[in-house]
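Each chain is listed here by its residues.
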Amino acid sequence: MSKTQERVDTTPNSVPQQGRTAGPVAPPRVSARRRRPGVIALSLALIAAGGAGVAVLLLQVGHRTDVVTVVRDVQVGQVLAEDDLGKASVALDPAVKAVRADGLKSVVGKRAAVELKPGSLLAPSQVTKDNLVKAGEQLVPIGLEPKQIPATALVPGQRVELVHVPAQGTADTDTSTGKTSDTAPQTIDGRVVKASGAAPGTGIVVVDVATSASDGATAAAWEAAGTLRLVLSAPDGS
């Protein structure tokens, strides 16, 4: 036998061959792809557009505005003090109207037109320089039972009518004839200054209503007798 060691092809699924030496394996031929300038240009345009979009988004997120915030509970009609307010830097939507931080001094000393809660932004419409009870007016508190409370929320400035109704179990009658009177019920014009939340257990809501000074005592007497009802009036100009 020859001392030369015979090589055996061990390639899978192949028949072992003796006495043959494996030669170098040629790499597979890769056909060169034809470059398409249009596709390359489109790819570059998409990359540029995506980068521009990200840049715009970052600018929008990064743009923040210094605004005035509420840091303490403020009741309707209460004069705002500087300690009631704070400042914050927020990403503000253009549709949101808020007092800018550099205008904080301009709202100190004004009155809250609505109830203000801590953590909220202060809007210009939430403050007023006018007294909520004006000269020549009186404030009448009216307690409404759950069945008497309108489904429409009562908000400061809303026009209402205070209506006098007969006491329960009685009816308005003409004393001269004894017949039921057909005259329209007495009414008093008023304006909502504040409405409380429903009291636990009873559900009663107390509404502060401003009336003319000449009608205040009458409205208070109706309220005490339980013969007063509150009716919402149409907004001005309706």
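Keep in mind that this is a model prediction, so the values were computed, not measured.

### Observations concerning the overall build of the protein
Okay, step 1: A tally of helices and strands in the protein yields 3 helices and 9 strands.
Okay, step 2: Within the protein, the fraction of its 238 residues that count as buried is 23%.
Okay, step 3: As displayed, the protein has an accessible area near 16,900 Å², and 55% of this comes from carbon and sulfur atoms.

### Quick notes on the sheet that holds strand β9 (residues 228-232)
Across a sheet, paired strands are connected by hydrogen bonds in the backbone, their directions being either parallel or antiparallel.
Okay, step 1: The strand order β5-β8-β7-β6-β9 describes an open sheet built from 5 strands, whose pairing is antiparallel. One side of each edge strand has no neighbouring strand; the edge strands of this open sheet are β5 (137-144) and β9. Adjacent strand axes in the sheet meet at a mean angle of 40 degrees when their direction is disregarded.
Okay, step 2: Strand direction decides the pairing type here: strand β7 (residues 187-195) and strand β8 (residues 205-212), joined by 4 bridges, are antiparallel. Among the inter-strand pairings, V192 is bridged to a residue of β8, identified as V209.
Okay, step 3: Across the sheet, helix α3 (residues 213-225) is in contact with β5, β6 (159-164), β7, β8 and β9; its angle to β5 comes to roughly 20 degrees.

### Brief notes about α3
Okay, step 1: All of the buried residues in α3 are G216, A219 and W222. Looking down the long axis of α3, one finds its buried residues gathered within 135 degrees of arc, a one-sided arrangement. Opposite its buried face, α3 presents the exposed residues S214, A217, A224 and A225, each directed more than 90 degrees away.
Okay, step 2: After α3 finishes, the residue G226 shows a positive phi value of roughly 75 degrees.

### Side note on the environment of V133
Okay, step 1: Examined against the element boundaries, V133 turns out to sit in the loop between β4 (127-128) and β5.
Okay, step 2: For V133, a relative accessible area of 31% translates into the label partly exposed.
Okay, step 3: Through-space distance from the C-alpha of V133 to that of A210 is 6.3 Å; in sequence the pair is 77 residues apart.
Okay, step 4: Excluding residues that lie within four positions of it along the chain, V133 makes contacts with Q138 and L139.

### What about the pairing of β6?
Okay, step 1: Bridging between β6 and β7 involves 5 bridges; their strand directions are antiparallel. Bridge pairing in β7 links V163 to T187.

### Details of the nonpolar core
Okay, step 1: Counting 15 residues, the largest nonpolar core has I142, L162, V207, V209 and L230 as the members making the most contacts within it.
Okay, step 2: Of all the secondary structure elements, the ones that give two or more residues to this core are β5, β6, β7, β8, α3 and β9.
Okay, step 3: Apart from residues lying up to four places away in sequence, L230 is in contact with L144, P150, L154, V160, E161, L162, V207 and V209.
Okay, step 4: Counting residues in hydrophobic clusters, the runner-up holds 12 residues, among them L104, A112, L116 and L122.

Rules used throughout
- Numbering of residues starts from 1 in every chain and runs along the sequence as written.
- Per-residue local features are limited, in this predicted model, to residues with pLDDT of at least 70; the limit for side-chain atom pairs, both in listing and counting, is 80 or more; totals at the level of whole chains, interfaces and linings are taken over all residues.
- To get the side-chain values, take all heavy atoms of the structure and skip hydrogens and water.
- By the criteria applied, helices consist of DSSP H or I runs no shorter than four residues and strands consist of E runs no shorter than two, each listed in order from the N terminus.
- In this scheme, a residue with accessible area under 20% of its type's maximum is buried, one over 50% is exposed, and one in between is partly exposed, where area comes from a 1.4 Å probe on protein chains only.
- Areas reported as accessible are Shrake-Rupley estimates using a 1.4 Å probe. Residue values count occlusion only from the protein chains shown.
- For two strands to be treated as a pair, DSSP must find at least two bridges joining them.
- Comment: axis = line fitted to C-alpha atoms, over the contacting stretch for helices; angle = value between 0 and 180 degrees taken between N-to-C directions.
- What makes two residues a contact is simply this: any of their non-hydrogen atoms within 4.5 Å.
- Note: the arc covers the axis-to-C-beta directions of the helix.
- By nonpolar core we mean a set of buried residues, namely Ala, Val, Leu, Ile, Met, Phe, Trp, Tyr and Cys, connected to one another through side-chain atoms within 4.5 Å.

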